[in-house]
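Okay, here's what each chain looks like letter by letter:
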Amino acid sequence: MSSSTTDTLLDVTMPQMGVSVAEGTVVAWRAGVGDRIEAEQTICDISTDKIDTEVPSPAGGVVAEILVDVGETVAVGTVLARLTTGDDPAVPPPAPAAPAGETSPPPPAARTTEASPPPLPHRAAGNGRRYSPVVSRIAAEHGIDLSTVRGTGRNGRVRKQDVLALVNGGVAAGGSLVEEPPLHIESPYRPDPVLVTPQPAPASPAPSPAGLAPSPAGPAPAPAAPAASGDQLSRMRRQIGEHMKRSLETAATCTTWIEVDMGRVETARGRLRVTALSFVARATIDALREHPALNAWMEDDRYTRVEDVNLGIAVSLGEDGLIVPVIHRAHELSVEGLAVRIRDLARRARARELTADEVRGGTFTITNPGQYGSIMATPIINQPQVGILDLEAVVKRPVVVTDAEGNDSIAIRPMTILGLSWDHRALDGALSAQFLATVKRRLEGLAL
């Protein structure tokens with residue numbers, strides 16, 4: 001059957017799943033070449049270091065070509081498959097027969113279209129367990145038997161942190177001493193250590209060039225000292241750095257800070273048993289509703305205000321980088337509701353259980369590095385948003401306070417500094433200061 005003149009080929013690509021995800025692995029195909037598929041129907045399952053998820057078909061059509069096999073790991077943006085779309089998408093014609101006298105190549109293995117099991121990391125061991133490439137590599141380099149490692153991931157999956165805990169002398173889950181990663185985004189980008197495997201000595205000396213005697217045996221040369229520049233950054237760390245650098249090159253980034261007395265927040269959060277981040281999130285949402293210009297996207301020269309507040313909360317994954325899950329329609333939630341959603345998203349982010357929709361569509365982001373004791377930072381805008389709020393440490397210190405009659409005195413108060421990085425292409429300093437003043441007013445005027 002010949003293809004309709006209105007048929008087109010549409011690429012299905014490896015999606016981006018967070019700022020530091022550089023690659024993904026195809027775990028299963030839900031459709032094979034020649035199968036018809038509807039728009040938004042799952043075409044394949046993928047696994048990344050942070051998320052196991054389904055890839056929806058971008059349009060209805062017929063699968064014309066599958067370019068990446070199950071178990072293959074490819075970079076974000078790689079074309080996974082192609083669809084024939086149009087008024088009458090046709091099944092691609094069969095391969096031409098081999099000329100007389102030649103042997104036809106064996107047909108590729110048939111791809112099943114049955115429902116696939118939940119995605120798992122793609123590398124299987126003899127015991128039936130599956131491990132990601134990075135877990136297998138680290139285990140091989142350190143002689144670790146992965147069948148003895150108790151995993152902390154979903155369904156007992158062995159994660160990179162579990163293996164590194166053993167490498168570094170820690171204990172994997174079960175009697176775990178692995179520290180739970182905190183919420184933050186601008187963590188120090190510590191490079192992953194370079195794992196050097198000693199090379200065996202050659203079995204015999206290399207032959208000498210003609211006419212020359214072999215060199216006498218001598219002591220083995222001392223290993224080279226580490227380069228002064230330090231260890232090489234992992235691919236994920238480089239991806240984070242590239243994203244941050246691209247944001248700085250794209251946006252006209254400015255940062256404004258404001259001091260906030262967190263006395264009322266500290267009292268209220270002790271009563272509700274939630275973190276200060278939940279109160280800051282609620283105050284930020286209220287300020288975004290009052291100053292909607294900050295709840296927006298800036299893409300090239302196109303500035304778009306968004307009605308819903310889809311709040312991103314930066315979550316550290318420790319050695320695995322970071323990710324920014326999104327609380328969609330966050331303006332509908334109370335402080336307690338926000339606390340529950342933040343805890344849930346953070347837990348599932350670390351277990352790699354987030355869906356694709358939960359890491360995209362954010363309109364504003366909050367980052368919280370202050371729990372390490374830092375008091376001021378310049379957060380980098382999460383593109384294409386126009387602002388990001390930085391919550392720093394709450395520190396008790398002496399400040400001047402004024403009572404209801406106007407009398408000043410010095411008191412010990414729990415203080416913090418909020419930093420707002422904003423895009424000067426879309427906003428100006430006065431609006432940014434007004435936004436911060438609104439957040440401050442709502443936190444300091446919290447009803448008890």
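Going by the structure above, here's the rest.
Here the structure is a predicted model, which is why all the values come from computation and not from measurement.

Chemist: Would you mind going over the overall build of the protein chain in detail, with residue names and values included?
Modeler: Helix and strand content of the protein chain: 7 helices and 21 strands. For the protein chain, the residues scored as buried account for 44% of the 448 residues in total. Put simply, 66% of the contacts in the protein chain that link residues at least 6 apart link residues at least 24 apart. For the protein chain, the exposed surface amounts to about 23400 Å²; the carbon and sulfur share of it is 55%.

Chemist: Any chance you could break down the sheet that holds strand β5 (residues 52-56) for me, citing the residues and the numbers?
Modeler: In a beta sheet, neighbouring strands are held together by backbone hydrogen bonds and run either parallel or antiparallel to one another. Taken in spatial order, the 4 strands of this open sheet run β5-β4-β2-β7, and their pairing is antiparallel. The open sheet has two edge strands, β5 and β7 (73-75), and neither has a second partner. Here the strands of the sheet are splayed against their neighbours by 40 degrees on average, with no regard to which way each runs. Taken together, the 5 bridges between strand β4 (residues 42-47) and β5 define a ladder with antiparallel strand orientation. The partner of Ser47 across the bridge, within β5, is Asp52.

Chemist: For the pattern of salt bridges, give the residues involved together with the corresponding values.
Modeler: A side chain of one charge can pair with a side chain of the opposite charge when the charged atoms of the two come close. A full pass over the atoms with the stated rule returns 22 salt bridges. Arg425 serves as the salt-bridge partner of Asp423, at 2.6 Å between the closest nitrogen and oxygen. Classification of Asp423 as buried rests on a relative accessible area of 0%. One network of salt bridges, in which partners are shared, links Arg282, Asp286, Glu290, Arg441 and Arg442.

Chemist: How would you summarise the environment of Pro58 if you had to cite specific residues and measurements?
Modeler: Checked against the element boundaries, Pro58 lands in the loop between β5 and β6 (61-66). Aside from chain neighbours lying at most four places away, what touches Pro58 is Leu10, Asp11, Val12 and Leu83.

Chemist: A description of the sheet that holds β6 should follow, citing residues and the corresponding values.
Modeler: Strands sit in the order β1-β8-β6-β3 across an open sheet of 4 strands; the sheet is antiparallel. Two strands in the sheet have a free side with no partner beyond their single neighbour: β1 (8-13) and β3 (36-37). Inspection of the sheet shows β3 paired to β6 by 2 bridges, in the antiparallel sense. For Ile37, the partnering residue across the bridge sits in β6 and is Gly61.

Chemist: Pulling in residues and values, what's your account of helix α6 (residues 335-350)?
Modeler: Residues lying three or four places apart along an α-helix face the same way, a consequence of the helix completing one turn every 3.6 residues. Taking 1.5 Å per residue, 16 residues should reach 22 Å; α6 reaches 23 Å between its end C-alpha atoms and fits that length. Among the residues of α6, those classed as buried are Val335, Leu338, Ala339, Ile342, Leu345, Ala346, Arg348, Ala349 and Arg350. Just downstream of α6 lies Arg352, where phi reads positive at about 60 degrees.

Chemist: How would you explain the environment of Pro384 if you had to name every residue and give the values?
Modeler: Relative to the helices and strands, Pro384 is located in the loop between β18 (364-367) and β19 (387-391). According to the relative accessible area criterion, Pro384 is partly exposed, its value standing at 25%. C-alpha separation for the pair Pro384 and Gly362, spaced 22 residues apart in sequence, amounts to 9.0 Å. Not counting residues within four places of it along the chain, the set of residues in contact with Pro384 comprises Ala296, Trp297, Met298 and Glu299.

Chemist: Hey, could you go over the environment of Val62 for me, with residue numbers and the actual values?
Modeler: Note that Val62 resides in strand β6. The buried category is assigned to Val62, whose relative accessible area is 2%.

Chemist: Could you give an account of the nonpolar core, naming the residues involved and the relevant values?
Modeler: Ranked by internal contacts, the top residues of the largest apolar core, which has 72 residues, are Ile43, Leu418 and Leu443. Of all the elements, helix α5 (residues 276-290) adds the most residues to this core, at 9 residues. Not counting residues within four places of it along the chain, the set of residues in contact with Leu418 comprises Thr256, Trp257, Ile258, Val260, Leu389, Asp390, Leu391, Leu436, Val439 and Leu443.

Chemist: I'd like to hear about the pairing of strand β2 (residues 23-29), residue by residue, with values.
Modeler: On any regular strand, side chains alternate: one points to one face of the sheet, the next to the other face. Counting buried positions along β2 yields 6 of 7 residues, so the element is predominantly enclosed. The pairing of β2 with β7 spans 3 bridges and is classified as antiparallel. Within the sheet, the bridge partner assigned to Gly24 lies in β7 and is Val74.

Chemist: Would you mind going over the side chain of His331 in detail, with residue names and values included?
Modeler: Along the chain, His331 turns up in the loop between β17 (326-327) and α6. What His331 contacts, discounting residues up to four positions off in sequence, is Arg282, Ile285, Arg289, Asp308 and Val309.

Chemist: So what's going on with α5? Which residues, and what values?
Modeler: The end-to-end C-alpha distance of α5, which contains 15 residues, comes to 21 Å, matching closely the 21 Å that a straight helix rising 1.5 Å per residue would cover. Within α5, 13 of the 15 residues are buried, leaving the element largely enclosed by the surrounding structure.

Chemist: Go over a nonpolar patch on the surface with me, naming the residues and quoting the values.
Modeler: A cluster of nonpolar residues, Trp257, Ile375, Met376 and Val395, forms a patch on the protein surface that exposes about 360 Å² of accessible area. By secondary structure assignment, the location of Trp257 is in strand β11 (residues 253-261). A relative accessible area of 36% places Trp257 in the partly exposed class.

Chemist: Lay out the packing of α5 against α6 with the relevant residues and their values.
Modeler: Remark: α5 packs on α6, axes separated minimally by 9 Å, with the N-to-C direction vectors making an angle of 115 degrees. Relative to α6, α5 is oriented so that their crossing is right-handed. Of α6, the residues touching α5 (which contributes Leu277, Ser278, Phe279, Ala281, Arg282 and Ile285) are Val335, Leu338, Ala339 and Ile342. Partitioned by chemical class, the residues of the contact of α5 with α6 number 8 nonpolar, 1 polar and 1 charged.

Conventions adopted
- Residues numbered from 1 in each chain as written.
- Predicted model: local features only at pLDDT ≥ 70, side-chain atom pairs only at ≥ 80, totals over all residues.
- Heavy atoms only, no water.
- Helix = DSSP H or I, 4+ residues; strand = E, 2+ residues; numbered from the N terminus.
- Buried < 20%, exposed > 50% of the residue type's maximum accessible area, 1.4 Å probe, protein only.
- Contact = heavy atoms within 4.5 Å.
- Areas by Shrake-Rupley, 256 points an atom, 1.4 Å probe, with all protein chains shown as cover.
- Pairing = 2+ DSSP bridges.
- Axes fitted to C-alpha atoms, helices over the stretch in contact; angles between N-to-C directions.
- Salt bridge = Lys/Arg side-chain N within 4 Å of Asp/Glu carboxyl O.
- Expected span 1.5 Å × (residues − 1).
- Core = buried A, V, L, I, M, F, W, Y, C linked by side-chain atoms within 4.5 Å.
- Patch = residues over 30% accessible without salt bridge, like charges linked within 9 Å, V, L, I, M, F, W, Y side chains within 5 Å.
- Left-handed = near helix turned anticlockwise from the far one by under 90°.
- Nonpolar A, V, L, I, M, F, W, Y, C, P; charged D, E, K, R; others polar.

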